[in-house]
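Single-letter residue listing:
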Amino acid sequence: MQLPSFLRGGLVSPFKLRKLGVLGMNARNVHYIARYNDRDKYPVVDDKLNTKRAAKRYRIPVPELIAAFETQPSRTRVMQVIEPLQKFVIKPARGSGGKGILVIVGRDGDDYVKPSGSKVTALDIQRHVSNIHSGLYSLGGKPDRVMIEALVDFDPVFEKYSFEGVPDIRVIVFRGFPVMAMLRCSTHDSDGKANLHQGAVGVGIDLATGKASHAVQRGLRVDIHPDTQMPFSDLEVPGWKDLVSLAASCYEMTGLGYLGCDIVLDHKRGPLLLEANARPGLAIQIANGVGLRTRLEHIESMDLEQLEKNVEERVAYSMDYFAARNAR
């Protein structure tokens, strides 16, 4: 059911939201996260190094890991690793919400250039690594490990839909079935980060076609990217079925019944799993203009035979049943 425009920026009763098929935070936590996600599976997704290891076992492609530091690395060791690199990403293994991710896209003499064009020094990078290790960005503030990854060469189809950052695609997967997807496009407001709370644009994606169906920024509907002025009506994600299949296969990889899969589209390698999330947010409903609850309840109503479908069968089912044309 398409959400009406009065939901954006106004107060709506819980009864009306439920009638519209909107999933609230309490219902998500109690009926889906607590019920379908075993806590002993959380370490697979709460630690990005663990996610990479699990993805390797299941042959799920991920961005290349250049180095990982289990303990506080020396300044010399950090500089030895990044010295030959022009582009790279430094991130915490247990970070959340995009915090602590430093993207470097070039060099200018002894300085390192960020996507915004601003520069950081070698001392800044060493300080950032120290902050990650001390737990400044990690879940619960615990000491963390430092990862250095190769920068994704994102597909040029997104160049006009993202500003100073790499767009990613989130797919909600429930009991192995993809149920909703959105593209997160960075903006000047979001400082190049694909974080909706910081001003990125959320673009609802039709599960059947990979085409944009709806877009919002800060909860308000938008038709064009605020920085590039490109209309979202022309946006279509290439290789869509492969991307949805990758998301669906994360069900077997993680063992989690309700999860969000964050995927980037590399120009040469295709879809890559950035991370999986055991507690995905609910803004995807606003981005799509459609409530999640009705879709989740449909999957819950399936019998055992339907739930035992393989990845290919689950993807085919979702792409047909949850197509935008069906308005479910």
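Scoring rules and cut-offs
- Residues numbered from 1 in each chain as written.
- Predicted model: local features only at pLDDT ≥ 70, side-chain atom pairs only at ≥ 80, totals over all residues.
- Heavy atoms only, no water.
- Phe/Tyr/Trp six-rings, centres within 6.5 Å; stacked < 30°, edge-to-face > 60°.
- Core = buried A, V, L, I, M, F, W, Y, C linked by side-chain atoms within 4.5 Å.
- Buried < 20%, exposed > 50% of the residue type's maximum accessible area, 1.4 Å probe, protein only.
- Helix = DSSP H or I, 4+ residues; strand = E, 2+ residues; numbered from the N terminus.
- Contact = heavy atoms within 4.5 Å.
- Pairing = 2+ DSSP bridges.
- Salt bridge = Lys/Arg side-chain N within 4 Å of Asp/Glu carboxyl O.
- Axes fitted to C-alpha atoms, helices over the stretch in contact; angles between N-to-C directions.
- Polar contact = N/O pair within 3.5 Å; in protein donor to acceptor, adjacent residues only side chain to side chain.

1. Examining the packing of aromatic side chains
For the structure on display, the rule yields ten aromatic pairs. Connected via pairs of aromatic rings, a cluster forms that spans Tyr 32, Tyr 36, Phe 174 and Tyr 258.

2. Topic: the nonpolar core
With 66 residues, the main nonpolar core has Val 203, Phe 232, Trp 240, Tyr 258, Leu 273 and Leu 292 as its most contacted residues. Take this core: its biggest share by element is eight residues, from helix 7 (residues 240-254). With sequence-adjacent residues up to four places away left out, Trp 240 is seen in contact with Ile 169, Ala 181, Ile 205, Asp 206, Leu 207, Ala 208, Thr 209, Gly 210 and Met 319. If you look at the next biggest cluster of nonpolar residues, it comprises 19 residues, including Val 81, Phe 88, Ile 125 and Val 129.

3. Regarding the sheet that holds strand 8 (residues 168-174)
One open sheet accounts for seven strands, arranged 12-11-10-9-8-13-14; its pairing is antiparallel. The sheet is open, and its two borders are formed by strand 12 (220-221) and strand 14 (270-277), each paired with just one other strand. Direction of pairing for strand 8 relative to strand 9 (residues 177-185): antiparallel, over a ladder of seven bridges. Bridge pairing links Phe 174 to Phe 177 in strand 9.

4. Brief notes about the pairing of strand 2 (residues 88-92)
Summarising burial for strand 2: five of the five residues are buried, a large majority. Where burial is concerned, the two faces of strand 2 agree: the one with Phe 88, Ile 90 and Pro 92 and the one with Val 89 and Lys 91 are both buried. In terms of strand pairing, strand 2 meets strand 3 (residues 102-104) through three bridges, oriented antiparallel. Paired with Val 89 across the two strands is Val 103, which belongs to strand 3. As defined by bridge partners, strand 2 adjoins strand 7 (residues 146-149) across four bridges and the pair is classed as antiparallel. The partner of Lys 91 across the bridge, within strand 7, is Met 147.

5. So, the pattern of salt bridges
Counting across every chain of the model gives 21 salt bridges. Notably, a salt bridge pairs Asp 38 with Lys 41, separated by 3.7 Å at the nearest N-O pair. Owing to a relative accessible area of 42%, Asp 38 belongs among the partly exposed residues under this scheme. One salt bridge connects Arg 145 with Glu 70, and the closest N-O pair in it is separated by 3.2 Å. Residue Arg 145 is located in the loop between helix 6 (122-134) and strand 7, and its partner Glu 70 is located in the loop between strand 1 (65-69) and helix 5 (75-82); the two are separated by 75 residues in the primary sequence. The exposure class assigned to Glu 70 is partly exposed, which follows from its relative accessible area of 45%.

6. Quick look at unusual backbone geometry
Phi at Arg 175 takes a positive value of approximately 50°, unusual for a residue other than glycine. Residue position: Arg 175 is located in the loop between strand 8 and strand 9. Overall, Arg 175 belongs to the partly exposed group, its relative accessible area being 24%.

7. Focus: the sheet that holds strand 2
The strand order 1-7-2-3 describes an open sheet built from four strands, whose pairing is antiparallel. At either margin of the open sheet sits one strand with a lone partner, and together these are strand 1 and strand 3. The average undirected angle you get between the axes of adjacent strands in this sheet is 15°. This element, helix 4 (residues 48-57), spans strand 1, strand 2 and strand 7 of the sheet and lies at about 50° to strand 7. Sitting on the sheet, helix 6 touches strand 2, strand 3 and strand 7, and the angle it makes with strand 2 is about 30°.

8. Some thoughts on the side chain of Ser 162
With respect to the helices and strands, Ser 162 occurs in the loop between strand 7 and strand 8. Residue class for Ser 162 comes out buried when judged on its relative accessible area of 7%. Polar contacts involving the side chain of Ser 162 include one to the side chain of Ser 186, which spans 2.7 Å. If near-sequence neighbours (up to four positions away) are discounted, Ser 162 is found in contact with Pro 167, Cys 185, Ser 186, His 225 and Thr 228.

9. What to know about the side chain of Asp 262
Relative to the assigned elements, Asp 262 resides in strand 13 (residues 258-266). Beyond its immediate stretch of four places on either side in the chain, Asp 262 contacts Asp 168, Ile 169, Arg 170, Arg 184, Leu 272, Leu 273, Leu 274 and Glu 275.

So far we have only geometry, and geometry alone does not tell us how the molecule works.
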